[in-house]
Amino acid sequence: MTAAVHLQDVVKRYGSVTAIHGVSLTIADNEFFTLLGPSGCGKTTLLRMIAGFEAVTAGEIRLFGDDIARLDPNHRPVNTVFQHYALFPHMSVIDNVAFGLKMQGIDLAARRTRAGKMLEMVHLSHFADRMPAQLSGGQQQRVALARALAPAPKVLLLDEPLSALDLKLRQAMRVELKTLQQETGITFIFVTHDQEEALTMSDRIAVMSEGRVQQVGSARDIYETPDNRFVADFIGETNLLEVDVHSVTDGRASMTLPGGHPLTCPSASATPGRHALSIRPERVTIAATGELKATVDRVVYLGTDLQVLSRLADGSPFTIRLQNAARTTIPEAGATIGLHLEEGAARLLAD
Amino acid sequence: MAGGDDSWRPLARPLLIPIWVVIGVFSLLPVLLMAVYSFLTKEFRGGVEWDFTLAAYDQFFVTRGLFGDEPAQIEWTYITIFWRSIWQALICTALCLLIGFPTAWFIATRPAQSRGIWLFLITIPYWVNLLIRTVSLKFLIRDNGPLNEGLMAIGLITEPLPLVNTNLAVQLGLFYSYLPFMVLPIYAAVERYNFALSEAAADLYASRWTTLREIVLPVVKPGMIAGCILVFVPALGAFLAPDLLGGAKTFMIGSLIDEQFKGSQGNWPFGAAASMILMTLVLIVLVFYARAASREGAA
Ligand SMILES: Nc1ncnc2c1ncn2[C@@H]1O[C@H](COP(=O)(O)OP(=O)(O)OP(=O)(O)O)[C@@H](O)[C@H]1O
Ligand SMILES: [Mg+2]
């Protein structure tokens, strides 16, 4: 099957600044695909190139096989939900939603019906005749969504559509967006810098940094098996330790942990030398027999969890997360504790 | 700004007094004076006598023949002048809009640093007195002025183009006088325009022209209306351009009124009456606009 969207070596330069360095991505039909990365990494630029608001400097953008990189935005069967909604202020809600249909030459009665259905879908039927300025942020957001979905685009682009909403509404909209995507079967390309948003909604996530895609995978993939230091550090919390790998046999790398304890962990491609090892704080348990020794600096109370901030023998900081359960023994500040790494807790990073 | 702070309220009334005084002394009082004068009797050497009469309005609208002994008929002389003025002002407004909109658009879409320079360039000529500029324009376009000489020198024409004393010259003068009043409010509106709206329209399959018609123009319309009013109203009452660049055939209201207050030939009540009629016309236009605007806002 042809991919919904395929980017091949896409480059974007603004004068001497290169915003996108040769990105290649394949996004499947019906997929909820997220571009995740810190501010300035080029998410918006990439999305705007797919929509056609920015010209590509080099590379190909294919939509169901057709190269669209040089088409004007009004000739691309792709719709956008803008970050600040960009609702037409002089048109009522229903006229906003019907605008795309009007441009497609659909007659008044048919477009009113369809726009009405769209408003129903986003639970705004009784706001049809209001002006955008008379709506709350969350309602405007849903109008923007209905407007972009009304012409039944093949691909919907969303640039941080939830960032202007408060936490509760944002959480509710996540569920709504995901449901909508599954019901309509439209491919969503969603931009966010909020990893929780990305992890909860996406089928697949592309983690971006400085104009490059660092890793593409499911939420579980990028969290559990980060490819490199950036992804491990950016997604969730992690402990990054510098280790010396001395040998690799049968896909397992042998190394020495700070403090001298030996460890082997699976690694397909590691070569002997200095590497970063990522250990998730929640995959470590405190046990007197543990292979790593640490000194507790401080215990932070987080409600459901406790965060133990400690130092390893060589002084490097190490964080442990404990569930705040009745049976959990809370270590004292200053105490020396043993740490046990669960199977698969450690992941050797390429770089 | 403290949203919920109402402590300034008791001060509001006293603070507004100077504003009311200014409006009263400089706006309402002159209009009132003019209204009163329009109902007085003309004195022989200019000035007025305090005899209330409708003579001025009668002179404007009604004729009873050369010696005043024929049956009353409609006097077309002044109505024609008014009509010509309205027409000239409308053309001037349309021209200013046609040229002013792209100009304002151009300036508002420049990088922020260079917009100031463009606006400065637009307003620079207006630091020179209007009279001087209008006279200079006449020198430029007269038969042996640089325009005609230049055109003849490059062989485009053999006879000078008769530009002075034509409607075209008056139109040029009016256009030149009032263009910035169109550019500035439209510039302000375009500068506030959110270009994401144009992207949204393009995203929803609108062509450039459709985007301009359906999104841009309606959104910046308040700026265009403000510009049209700011050009139309003074152009309607203008007298410098028609006086200096036009002739008898291009006589406009402004010149008519101007004449009534000059020397012993003047007729103050008649000038005041003509001004009142002009003002009434302008008010009708403005009310019409305001109505249309508010009806649209409510819909
Ligand atoms: N018009 C432009 N001219 C020059 N540089 C630009 C332009 N637009 C974007 N950039 C640069 O390109 C890079 C990527 O910008 P982009 O807006 O895509 O980031 P982003 O990932 O969307 O960030 P954010 O999360 O803050 O929205 C940035 O370094 C930015 O400064
Ligand atoms: Mg962005």
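Below you will find a few notes about this structure. (Residues numbered from 1 in each chain as written. Chains lettered and ligands numbered in written order. Predicted model: local features only at pLDDT ≥ 70, side-chain atom pairs only at ≥ 80, totals over all residues. Heavy atoms only, no water.)

**Side note on the overall build of chain A**
- Scanning chain A for helices and strands turns up eight helices and 20 strands.
- Considered along the principal axes of its C-alpha atoms, chain A spans approximately 75 × 45 × 40 Å.
- The buried share of chain A, reckoned over its 351 residues, is 50%.
- Put simply, of all contacts in chain A between residues at least 6 apart along the chain, 64% involve residues at least 24 apart.
- The average position of the 34 basic charges and that of the 39 acidic charges among the side chains of chain A differ by 5 Å. (Helix = DSSP H or I, 4+ residues; strand = E, 2+ residues; numbered from the N terminus. Buried < 20%, exposed > 50% of the residue type's maximum accessible area, 1.4 Å probe, protein only. Contact = heavy atoms within 4.5 Å. Lys, Arg positive; Asp, Glu negative; His and termini not counted. Charge placed at Lys NZ, Arg CZ, Asp CG, Glu CD.)

**A few points about the site of ligand 1**
Residue and element names in this part refer to chain A.
- What surrounds ligand 1 is the set Tyr14, Ala19, Pro38, Ser39, Gly40, Cys41, Gly42, Lys43, Thr44, Thr45 and Glu160.
- Note that a nitrogen atom of ligand 1 is positioned 3.5 Å from one of the side-chain N or O atoms of tyrosine 14.
- At 2.7 Å from an oxygen atom of ligand 1 is found a main-chain nitrogen or oxygen belonging to glycine 40.
- Expressed as a share of its isolated accessible area of 640 Å², the protein-covered part of ligand 1 is 59%. (Near = heavy atom within 4 Å. Polar contact = N/O pair within 3.5 Å; in protein donor to acceptor, adjacent residues only side chain to side chain. Areas by Shrake-Rupley, 256 points an atom, 1.4 Å probe, with all protein chains shown as cover.)

**Considerations on the packing of helix α3 (residues 76-108) of chain B against helix α7 (residues 167-192) of chain B**
Residue and element names in this part refer to chain B.
- The interhelical angle for the contact between α3 and α7, taken along N-to-C directions, is 40°, at an axis separation of 6 Å. Relative to α7, the element α3 is oriented oblique. In the crossing of α3 with α7, the sense of the turn from one axis to the other is right-handed.
- Along the lines of polarity and charge, the residues of the contact of α3 with α7 split into 21 nonpolar, six polar and one charged. (Axes fitted to C-alpha atoms, helices over the stretch in contact; angles between N-to-C directions. Parallel < 35°, antiparallel > 145°, perpendicular 65-115°, else oblique. Left-handed = near helix turned anticlockwise from the far one by under 90°. Nonpolar A, V, L, I, M, F, W, Y, C, P; charged D, E, K, R; others polar.)

**Description of a nonpolar patch on the surface**
Residue and element names in this part refer to chain B.
- On the surface, Phe106, Ile117, Trp118, Phe120, Leu121, Ile124 and Trp127 cluster together to form a nonpolar patch covering roughly 720 Å² of accessible area.
- Top element by residues in the nonpolar patch is helix α4 (residues 112-123). It accounts for four residues.
- Of the residues examined, phenylalanine 120 reaches a relative accessible area of 39% and is grouped as partly exposed. (Patch = residues over 30% accessible without salt bridge, like charges linked within 9 Å, V, L, I, M, F, W, Y side chains within 5 Å. Salt bridge = Lys/Arg side-chain N within 4 Å of Asp/Glu carboxyl O.)

**Brief notes about the pairing of strand β10 (residues 212-217) of chain A**
Residue and element names in this part refer to chain A.
- Summarising the sheet, strand β9 (residues 204-209) and β10 pair through five bridges and their orientation is antiparallel. Across the sheet, serine 209 pairs through a bridge with arginine 212, a residue of β10.
- Turn length for the β9-β10 hairpin, with the two strands adjacent in sequence and antiparallel, is two residues, and the turn residue glutamate 210 shows positive phi of about 45°. (Pairing = 2+ DSSP bridges.)

**Examining the nonpolar core**
- Ranked by internal contacts, the top residues of the largest apolar core, which has 97 residues, are Val5, Leu7, Leu35, Leu46, Phe88, Phe99 and Ile189 of chain A.
- With twelve residues, the single largest contributor to this core is α7 of chain B.
- Leu87, Leu162, Met173 and Met201 of chain A belong to the second largest nonpolar core, which has 35 residues in total. (Core = buried A, V, L, I, M, F, W, Y, C linked by side-chain atoms within 4.5 Å.)

**Topic: the interface of chain B and chain A**
- Contact with chain B, which involves 17 residues of that partner, is made by 26 residues of chain A.
- Each partner contributes to the roughly 1800 Å² buried at the junction of chain B and chain A, and carbon and sulfur atoms together form 64% of this total.
- Inspection of the chain B/chain A interface yields two salt bridges.
- For glutamate 214 of chain B, the salt bridge is made with lysine 102 of chain A, and the minimal N-O distance between the two is 3.1 Å.
- For the interface between chain B and chain A, the tally reads eight residue pairs in polar contact (both at pLDDT 80 or more).
- Elements represented by at least two residues in the side of chain B that touches chain A include exactly α8 (196-203) and α9 (208-237) of chain B.
- Sorting elements by how many residues they give to the side of chain B that touches chain A places α8 of chain B first, with seven residues.
- Residues that form the side of chain B that touches chain A fall into these classes: twelve nonpolar, two polar and three charged. (Buried area = accessible area lost by both parts, 1.4 Å probe.)

**Focus: helix α4 (residues 137-149) of chain A**
- Taking 1.5 Å per residue, 13 residues should reach 18 Å; α4 of chain A reaches 18 Å between its end C-alpha atoms and fits that length.
- Tucked inside the fold, the buried residues of α4 of chain A contact β6 (78-81), α2 (93-103), α3 (108-121), β7 (155-159) and α5 (167-184) of chain A together with α8 of chain B. (Expected span 1.5 Å × (residues − 1).)

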